[in-house]
Amino acid sequence: MTSTAPAIETLQTDILIIGAGGAGLMAALHAAQADPDLHITIAVKGLLGKCGCTRMVQGGYNVAVNPGDSIERHFMDSIVGGKWLPDQDLAWWLVTGAVERIRELENEIGCFFDRNPDGTLHQKAFAGQSFDRTAHKGDLTGIEIVSRLIEQIWARNVHRLEEHRALAIVPDREGKACAGMLLTDMRTGAFKLVRAKAVLMAAGGGPTMYKYHTPSGDKACDGMAMALAAGLSLRDMEMVQFHPTGLLAGEDTRMTGTVLEEGLRGAGGHLLNKDGHRFMLDRNPAGERATRDIVSREIYREMQGGKTTPHGGVYIEMKHLGPEKVAKQFKGMVERCADCGFDLAGGRVEVVPTAHYMMGGVVFGVDTTTAMPGLFCAGEDSGGVHGANRLGGNGVANSTVFGGIAGDEMAAFVAGEAAWREPDIEVARAAAAASLRPFALDKGDLNGLRKRLLDMMWDEAGIVRTKESLGRALAALDGFETELHAIGIPDTSAAFNLTWHDWLNLESQITVSKVIAHAALARENSRGAHFRDDFPDEGDLEATYFTKVRLAEGATAAGGFEVTTEPVKFTIVKPGESLIEGGVGAPPAAAE
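Note that the structure is a prediction, hence the values are computed from the model and not measured. (Residues numbered from 1 in each chain as written. Predicted model: local features only at pLDDT ≥ 70, side-chain atom pairs only at ≥ 80, totals over all residues. Heavy atoms only, no water.)

Engineer: Would you take a moment to explain the packing of aromatic side chains for this structure?
Structural biologist: The way to describe two aromatic rings as a pair is by their centre distance and the angle between their planes. All told, the structure shown has ten aromatic pairs when counted by the stated rule. Considering the side-chain rings of Tyr210 and Phe242, the 5.1 Å spacing of their centres and the 80° angle between planes classify their relative orientation as edge-to-face. In this pair, Tyr210 is assigned in the loop between strand 9 (191-201) and helix 5 (222-229) and Phe242 in strand 11 (residues 240-247), connecting sequence segments 32 residues apart. Per residue, the accessibility class of Tyr210 equals that of Phe242, and both read buried. With a centroid separation of 6.0 Å and an interplanar angle of 65°, the aromatic rings of Phe242 and Trp458 are classed as edge-to-face. (Phe/Tyr/Trp six-rings, centres within 6.5 Å; stacked < 30°, edge-to-face > 60°. Helix = DSSP H or I, 4+ residues; strand = E, 2+ residues; numbered from the N terminus. Buried < 20%, exposed > 50% of the residue type's maximum accessible area, 1.4 Å probe, protein only.)

Pasting the structure below:
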C-alpha cells in the first residue's frame, strides 16, 4: 500500500440506501412506487436478499388486527414494556403503521403468513404482551418477508452496489447537509464517493460486541458509528436488549448465541436450572412470558449463582407440550437444535441470554428525518421507538413501517431538490486514508483483541452493571482502541481482504461500546434492559428522561463524548393513565 492519497471514483444517484434489511428494501420499494423515474441505489455489505438481520427474524410481526385487540392496546403494551421511555409519537406511528404495512405485505408484496382454519391471520403469543398479536410464517418469518420484498425490488429499476461497505457520511462543503457516502468495493478495495440528494441510513445495529450475540459477524453498528462521526446524536444507547434464549452449544461453534425464538416461551416453554427447578415462577408472576429484560436478568442471576448447565447456561424444555406439536409448530427451531445435538421437542436444550438488539440509535423524527438535512434513518440504526425494551415482534414491524415512510419522504424530498449538493471531498479523502491505516502497521493479534472485547463487555457492561464495572469498561475500551490502532494487516491488498473488514468492524464496535458505557454510566436508575446493581430502583416515572450522546465539539471518535439527558414528552399518555381498560404490558400469570 502506498502513502499517496487513495483514488476515489465518483458516482451519482437520486436516493442512496445503506442496508438491505426490511427498512432498506421497503424504502427502495416505496420510493420507486412514488416516482418510477428516480435513480435509486442500494449499497449493502453482502448480497441483496441474502444478508441483514431481517432475514434472520424467526418469531413474527406484531399487529393489532384481531377484533379483540386494538392499536391502543398494542401502543400501551409497547409503552409499558418500554418502561415509559419510548418517544410516544414514534410508538404510535409504529402500531398504526403496522396495520397498513401487514396488509401491504400480504396483498401487494405477496407474503404468505400462517392462517387459522377460518382464514383469519394466525397470531401467536409473545412475551410482555396482553394480547396474542404476533403474525408469522412458521418460525421463519423474516425469510418470507425479505424473499418477497426482494422479488419486488428485482422487478424494478433499482440499482445495486453489492459487497460495498459504507465508510463515512460525506457532508456538503458548508458542513450542514448530507451530500453522499464514501464506500469501498469489498471485491476490489476501490473507494467510491456516491453523491445523492437523499441518503437513508438503514445499515442495522447488531450488538456484536458481546460474548453471546445473535447478529451475523458482518454486523458492527457501522451506521451508528458513522452517524456519531458526522456529528449526530445517539439516544437510549444504554438500552441493549438481550434475548433470553440464545442457543448454547459450546465455544467452538457460531451456533452459540443464535436465537431460539420467543414463541417457544409464549407457547408455554419452561426455563429450568441445572437442578430442573423452574425458577422464573419464583421471580415474576408472568413466569417465562415476562419481558425479555426480566427473563434475561433472572437467567443471569442463576448463572451467577452457579446453578448452570454443562456449558454454563440454563435449560429450555418443551416436551410437556407434546413432542409432535412442538416439532410441527417450531420446525425450524427443532432442526436447528438437532444440528447441535439437542432434542428441543422431546428433551432439554441449553440456552443463555444473547445480545440481540439495540433499542438506541440515531435521533430521528416520525418522518425519518435526522438533524442533518438529506440524511434519513430507519430500522435498528434509529433510536426512540422502543425505549428501554423492545417487545418481541415489534422489530420487523419497526423496520418495515419506518422503511416505507422513509421511501415516501425521500421521494418527496428529492422532488424539491434541484441539484446535488457539492460534497466536501476532503472529508471523503480523510475517511479513505484513515481506513487504510492498518496496512502500514505490523501484524498483531486482531482476533485475540476481539475476544477480549466480547468478554469484557459481557462482564462489565452487560446484563447487570455498576458504576465500578462501567468505569472498568471505559478504561478497557480506551486500551483496546489504542491497541487496535497499533495492529496491522499482513496482506497488502485491500481486494476481498476480510481481515481488513474485521479491523474496520472492530473499530466500529469499540466506538459504539464506548457510547453504551457512557450512556449507562449517566443513567443512575434501572429501566428495562439497563439494570444498575448500585441503582436498582426505576426512579420516578413522571420524571422519565432519555440519554443522548454525541462527540464533543472538535473531538474525534477516539474520545471526547458529550452526554446529556432530556425529559420524555408524554404526548399521548402519562404514567398512571391508560388508553384502554384492563391490564397492559404483560400476559396473564404463568400456569404452574
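Anyway, onward from the coordinates.
Engineer: What is the right way to read the nonpolar core from this model?
Structural biologist: One recurring pattern in soluble globular proteins: nonpolar side chains tend to sit buried together. Counting 159 residues, the largest nonpolar core has Ile18, Tyr61, Met181 and Leu453 as the members making the most contacts within it. In terms of residue count, helix 15 (residues 498-522) provides more of this core than any other element does, ten residues in total. Setting aside residues up to four positions removed in sequence, Leu453 forms contacts with Met209, Leu477, Phe480, Leu506, Gln509, Ile510 and Ser513. (Core = buried A, V, L, I, M, F, W, Y, C linked by side-chain atoms within 4.5 Å. Contact = heavy atoms within 4.5 Å.)

Engineer: How do you make sense of the pattern of salt bridges when you look at a structure like this?
Structural biologist: A side chain with one charge can pair with a side chain of the opposite charge if their charged atoms come near. Within this structure, the stated rule accounts for 39 salt bridges. Close ionic contact of Asp293 with Arg297 constitutes a salt bridge, the shortest N to O distance being 4.0 Å. Note that Asp293 and Arg297 are positioned in helix 8 (residues 292-304) at a spacing of four residues, about one turn of the helix. Both residues of the pair, Asp293 and Arg297, belong to the buried class. Residue Glu507 is joined to Arg437 by a salt bridge in which the shortest nitrogen-to-oxygen separation is 2.9 Å. Placement of the pair is Glu507 in helix 15 and Arg437 in the loop between helix 12 (425-435) and helix 13 (446-460), with a sequence separation of 70 residues. (Salt bridge = Lys/Arg side-chain N within 4 Å of Asp/Glu carboxyl O.)

Engineer: Honestly, the sheet that holds strand 17 (residues 382-383) in this entry has me stumped. Any pointers?
Structural biologist: Sheet strands associate in pairs through backbone hydrogen bonding, adopting either a parallel or an antiparallel arrangement. In space, the five strands of this open sheet follow the order 17-15-10-18-19, with mixed pairing throughout. If you trace the sheet from one side to the other, it starts and ends with strand 17 and strand 19 (561-567), each paired once. Of the strands in this sheet, strand 10 (234-235), strand 15 (361-363), strand 18 (545-551) and strand 19 are in contact with helix 5, which crosses strand 18 at around 70°. (Pairing = 2+ DSSP bridges. Axes fitted to C-alpha atoms, helices over the stretch in contact; angles between N-to-C directions.)

Engineer: Just to check I follow, could you spell out unusual backbone geometry for this structure?
Structural biologist: For residues that are not glycine, phi is negative in most cases, and the peptide bond is trans in most cases. Phi is positive for Lys83, which is not a glycine, with a value near 60°. Take Lys83: it is sitting in the loop between helix 2 (71-81) and helix 3 (88-109). On the accessibility criterion, Lys83 (21% relative accessible area) is partly exposed. Despite not being glycine, Trp84 has its phi angle at roughly 70°, a positive value. Structurally, Trp84 is set in the loop between helix 2 and helix 3. Look at Trp84 and you get buried, because its relative accessible area is 8%.

Engineer: When you look at helix 2 in this model, what are you seeing that I'm missing?
Structural biologist: Residues three or four positions apart in an α-helix share a direction because the helix packs 3.6 residues into each turn. The element helix 2 is extensively covered by neighbouring structure, given that eight of its eleven residues are classed as buried. Within helix 2, the full set of buried residues consists of Arg73, His74, Phe75, Met76, Asp77, Ser78, Ile79 and Gly81. The inward-facing, buried residues of helix 2 abut strand 3 (61-62), helix 3 and helix 11 (394-415).

Engineer: Can you walk me through the side chain of His213 in this structure?
Structural biologist: Secondary-structure assignment places His213 in the loop between strand 9 and helix 5. For His213, a relative accessible area of 5% corresponds to the buried category. Looking at His213, its side chain comes within polar contact range of the side chain of Arg254, at 3.3 Å. (Polar contact = N/O pair within 3.5 Å; in protein donor to acceptor, adjacent residues only side chain to side chain.)

Engineer: Please explain the pairing of strand 1 (residues 8-18) as it appears in this structure.
Structural biologist: Sheet faces and side chains relate simply in a regular strand, where the side chains alternate between the two faces. Inspection of the sheet shows strand 1 paired to strand 9 by ten bridges, in the parallel sense. Along strand 9, the bridge assignment pairs Leu11 with Val194. As paired strands, strand 1 and strand 2 (residues 40-44) are joined by four bridges and run parallel to one another. Among the inter-strand pairings, Leu16 is bridged to a residue of strand 2, identified as Thr41.

Engineer: Please clarify how the state of the cysteines should be interpreted in this entry.
Structural biologist: In a disulfide, the sulfur atoms of two cysteines are held together by a covalent bond. On inspection of all chains with the given rule, the structure shows zero disulfides. Here Cys53 stays unpaired: no disulfide links it, and the sulfur of Cys51, its closest cysteine neighbor, is 9.5 Å away. Just so you know, Cys340 is unpaired, no disulfide at all, and the nearest cysteine sulfur is the one on Cys337, 7.2 Å from it. (Disulfide = S-S within 2.5 Å.)

Engineer: Even after reading the chapter, I still don't get the sheet that holds strand 4 (residues 123-124), so can you show me in this structure?
Structural biologist: Here three strands make up an open sheet; going across it, the order is 3-5-4 and the pairing antiparallel. Each having just a single partner strand, strand 3 and strand 4 make up the two edges of the open sheet. Taken together, the two bridges between strand 4 and strand 5 (residues 134-135) define a ladder with antiparallel strand orientation. Among the inter-strand pairings, Lys124 is bridged to a residue of strand 5, identified as Thr134.

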